[in-house]
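Take a look at the letters that make up each chain.
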Amino acid sequence: MGNRVAREDFEWVYSDQPHADRRKEILAKYPEIKSLMGPDPRLKWIVCTMVAVQFLAFFLVKDLPWKWVLFWTYAFGSCINHSMTLAIHEISHNTAFGNNRAKWNRWFAIFANLPVGLPYSASFKRYHLDHHRYLGGDGVDVDIPTDFEGWFFCTRLRKLIWIMFQPLFYAVRPLYINPKPISQLELINTAVQLAFNALLYWVWGAKPLVYMLMGSLLGMGLHPISGHFIAEHYMFLKGHETYSYYGSLNLLTFNVGYHNEHHDFPSIPGRRLPMVKKIAAEYYKDLPCYTSWVKVLYDFIMDDQLSPYSRVKRRLTGDIKQE
């Protein structure tokens, strides 16, 4: 199904990532952007509402026939669980309670993790901040696929399978690329999540548990929202390693589509990123962007020039400070 992708390696560059320099230029020209930094007071209430909605969904699906459990798992559960992972992404930048209450953010992320079913919030923060500091950094940025992924998933059918199993690769990849000692918070995250999963099964049975776990796996696999995994940093155009998306699904994803803006200013909550684009419009108007994550997924699968190798990588030098 499709020709083998010709690319046999990543796009190696010997320049720094563009976001730090652009951030300095924008702040020098528009210092008022600093006022957008800081916590989003709405975020914690939105997350609590989403958790409550999923708890209600757990109750409602427990007595449904299995065919309807599976239907609502993909039609609704996958959407809200993927949205919750992006809420956890927001919280990882301390946008729920601010930098002065960093631990509050970490505990709140574990709470937000509950309806996702897979204990990952504590680990995600450790690796995600490295992704910002060392974008494309060889051996550090675990958002970059492994050489095996680039070599094997090189036809249309294999790329489709790779997208379907994205959650698996994101879970395993850090253990291979950049393994870190397990932290106490990761152990707590895992214990709390497993206890919650067991309680859910004991109280309401298998159907809510399947709805929760399958919703997360399907939502981060072949799903319209999961187009952001490909859209953010896969090199559709040579010389560009970060792309923004300005479509309606930003409403469900805490504006994660504003990805150039996010990497330029990771301490600005997603709700305020459109204001960055508006204030510093000349810095973003000519950058390549998307309006459809579904089209991104389709193009990635069907374009024989694109594969997991379509990422910019750089070798890091100097003192590397990881989370």
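Above this text sits the structure in question.
Small disclaimer: the values here were computed from a predicted structure and weren't measured.

### Re the overall build of the protein chain
On a plain count of helices and strands, the protein chain comes out with 15 helices and four strands. For the protein chain, the C-alpha radius of gyration of 20 Å lies close to 20 Å, the compact-globule estimate for 323 residues. In terms of principal-axis extent, the alpha carbons of the protein chain reach across some 55 × 50 × 40 Å. Looking at the protein chain as a whole, 51% of its 323 residues are labelled buried. Contacts in the protein chain between residues at least 24 apart in sequence constitute 80% of all its contacts with a sequence separation of at least 6. Accessible area of the protein chain: about 15500 Å², with a carbon and sulfur share of 64%.

### Things to note about the packing of helix α2 (residues 43-61) against helix α10 (residues 206-219)
Two elements in contact, α2 and α10, have axes whose closest approach is 8 Å; the angle formed by their N-to-C orientations is 135 degrees. The angle between α2 and α10 falls in the class oblique. As α2 runs across α10, the sense of the crossing is right-handed. Contact residues: Gln54, Ala57, Phe58 and Val61 in α2; Lys207, Pro208, Tyr211 and Met212 in α10. Considered class by class, the residues forming the contact of α2 with α10 number six nonpolar, one polar and one charged.

### Here we look at the side chain of Arg173
Considering the arrangement of structural elements, one finds Arg173 in helix α8 (residues 166-177). Judged by relative accessible area, Arg173 falls into the buried class, the value being 2%. Within the local environment of Arg173, its side chain forms a polar contact with the backbone oxygen of Asp143, the two atoms lying 3.3 Å apart. At 2.8 Å, the side chain of Arg173 and the side chain of Glu149 are in polar contact. Setting aside residues no more than four positions away along its own chain, Arg173 makes contact with Val142, Asp143, Ile144, Pro145, Thr146, Glu149, Trp162 and Asn178.

### Overview of the layout of surface pockets
Here the largest pocket defines a volume of roughly 1100 Å³. Lining the largest pocket are 39 residues, and of these Tyr120, Phe124, Tyr170, Ala171 and Pro174 lie nearest its centre. Those elements that provide at least two residues to the lining of the largest pocket are α3 (66-92), α5 (121-133), α8, α9 (184-204) and α11 (227-233). If you tally residues by element for the lining of the largest pocket, the top one is α5, at seven residues. Each residue belonging to the lining of the largest pocket can be placed in one class, and the counts come to 22 nonpolar, eleven polar and six charged. One number sums up the size of the second largest pocket: a volume of about 340 Å³. Lining the second largest pocket are 16 residues, and of these Ser15, Asp16, Gln17, Arg314 and Leu316 lie nearest its centre.

### Focus on the packing of aromatic side chains
By the definition in use, this model includes 26 aromatic pairs. Plain terms: the ring middles of Trp68 and Phe71 are 5.5 Å apart, the flat faces sit at 85 degrees to each other, and that makes the pair edge-to-face. Here Trp68 and its partner Phe71 are both found in helix α3, three residues apart, which amounts to about one turn of the helix. Where Phe148 meets Phe153, the ring centres are 6.3 Å apart and the plane angle is 85 degrees; that geometry is what we call edge-to-face. An aromatic cluster is defined as three or more aromatic residues linked by ring pairs; in this entry it consists of Phe148, Trp151, Phe152, Phe153 and Phe169. Positioned above the aromatic ring of Phe152, the side-chain terminus of Arg158 is 4.3 Å from the ring centre. In this structure, Arg173 packs its charged tip against the face of Tyr170, placed 4.8 Å from the ring centre.

### Observations regarding the nonpolar core
Judged by nonpolar contacts, the single largest core of 38 residues is most densely connected at Val47, Met84, Ile91, Trp162, Ile230, Trp293 and Phe300. Of all the secondary structure elements, the ones that give two or more residues to this core are α2, α3, α4 (102-113), α7 (156-164), α11 and α15 (293-302). With six residues, the top contributor of residues to this core is α3. Counting twelve residues, the second largest nonpolar core, distinct from the first, contains Leu27, Ile33, Ala280 and Tyr284.

### As for the packing of α5 against α9
It is at 7 Å that the axes of α5 and α9 come closest, and there the two elements cross at 145 degrees. Residues Ser121, Ala122, Ser123 and Arg126 of α5 lie in contact with α9, whose contacting residues are Leu185, Glu186 and Asn189. Looking at the contact of α5 with α9 residue by residue, the class counts come to two nonpolar, three polar and two charged.

### Here we look at the pattern of salt bridges
Across all of its chains, the model carries 15 salt bridges by this definition. For Lys62, the salt bridge identified is with Asp63, shortest N-O distance 2.9 Å. Taking the relative accessible area as the measure of exposure, Asp63 reaches 59% and is therefore exposed. Linked by salt bridges that have partners in common, Arg7, Glu11 and Lys238 make up one network.

Reading the values: rules and limits
Here the residue index of a chain counts from 1 through its sequence in written order. Reporting of local features is limited, given that this is a predicted model, to residues whose pLDDT is at least 70; pairs of side-chain atoms are given and counted only at 80 or more, and all residues count toward the totals for whole chains, interfaces and linings. Hydrogen atoms and water are omitted, and side-chain values are computed over all heavy atoms in the structure. Each helix is a run of H or I in the DSSP string that is no shorter than four residues. Each strand is a run of E no shorter than two, and both are numbered from the N terminus. Every radius of gyration here is taken over C-alpha atoms, with the globule rule written as 2.2 Å times N^0.38, N being the number of residues. Each residue is assigned to one of three classes by its accessible area relative to the maximum for its type, calculated with a 1.4 Å probe on protein chains only: buried under 20%, partly exposed between the two thresholds, exposed over 50%. Only heavy atoms matter for contacts: two residues are in contact if any of them lie within 4.5 Å across the pair. Only the protein chains shown count as cover for residues, with accessible areas throughout obtained via the Shrake-Rupley method and a probe of 1.4 Å. For helices, the axis comes from a line fit to the C-alpha atoms of the stretch in contact; other axes are also lines fit to C-alpha atoms, and the angle between any two N-to-C directions lies between 0 and 180 degrees. Throughout this description, any angle smaller than 35 degrees is read as roughly parallel, any larger than 145 degrees as roughly antiparallel, any in the 65 to 115 degree range as roughly perpendicular, and the remainder as oblique. For any pair of crossing helices, the crossing counts as left-handed if the nearer helix is rotated counterclockwise from the farther one by less than a right angle, and right-handed if it is rotated clockwise. Each residue is assigned to one of three groups, with Ala, Val, Leu, Ile, Met, Phe, Trp, Tyr, Cys and Pro labelled nonpolar, Asp, Glu, Lys and Arg labelled charged, and all others, Gly among them, labelled polar. For the purposes of these results, a polar contact is taken to be a pair of N or O atoms within 3.5 Å, where, inside protein, one atom must be able to donate a hydrogen and its partner to accept one; residues adjacent in sequence count only when each atom of the pair is a side-chain atom. With a 1 Å grid spanning the protein atoms alone, the term cavity applies to any set of points in which a 1.4 Å probe fits but cannot get out, the term pocket to an open set with protein on both sides within 12 Å along at least five of seven lines, and the term lining residue to any residue with an atom within 4 Å of a point. Grid points are joined across faces, edges and corners, and a volume is the space filled by probe spheres set on the points. Any two of the Phe, Tyr and Trp rings considered here, Trp counted by its six-membered ring, make a pair once their centres fall within 6.5 Å; the pair's planes then place it as stacked at under 30 degrees, edge-to-face at over 60, or tilted in between. Definition used: whenever NZ (Lys) or CZ (Arg) falls within 6 Å of the ring centre and also within 35 degrees of the ring normal, the charge is taken to sit over that ring. By nonpolar core we mean a set of buried residues, namely Ala, Val, Leu, Ile, Met, Phe, Trp, Tyr and Cys, connected to one another through side-chain atoms within 4.5 Å. Salt bridges are counted wherever a side-chain nitrogen of Lys or Arg sits within 4 Å of a carboxyl oxygen of Asp or Glu.

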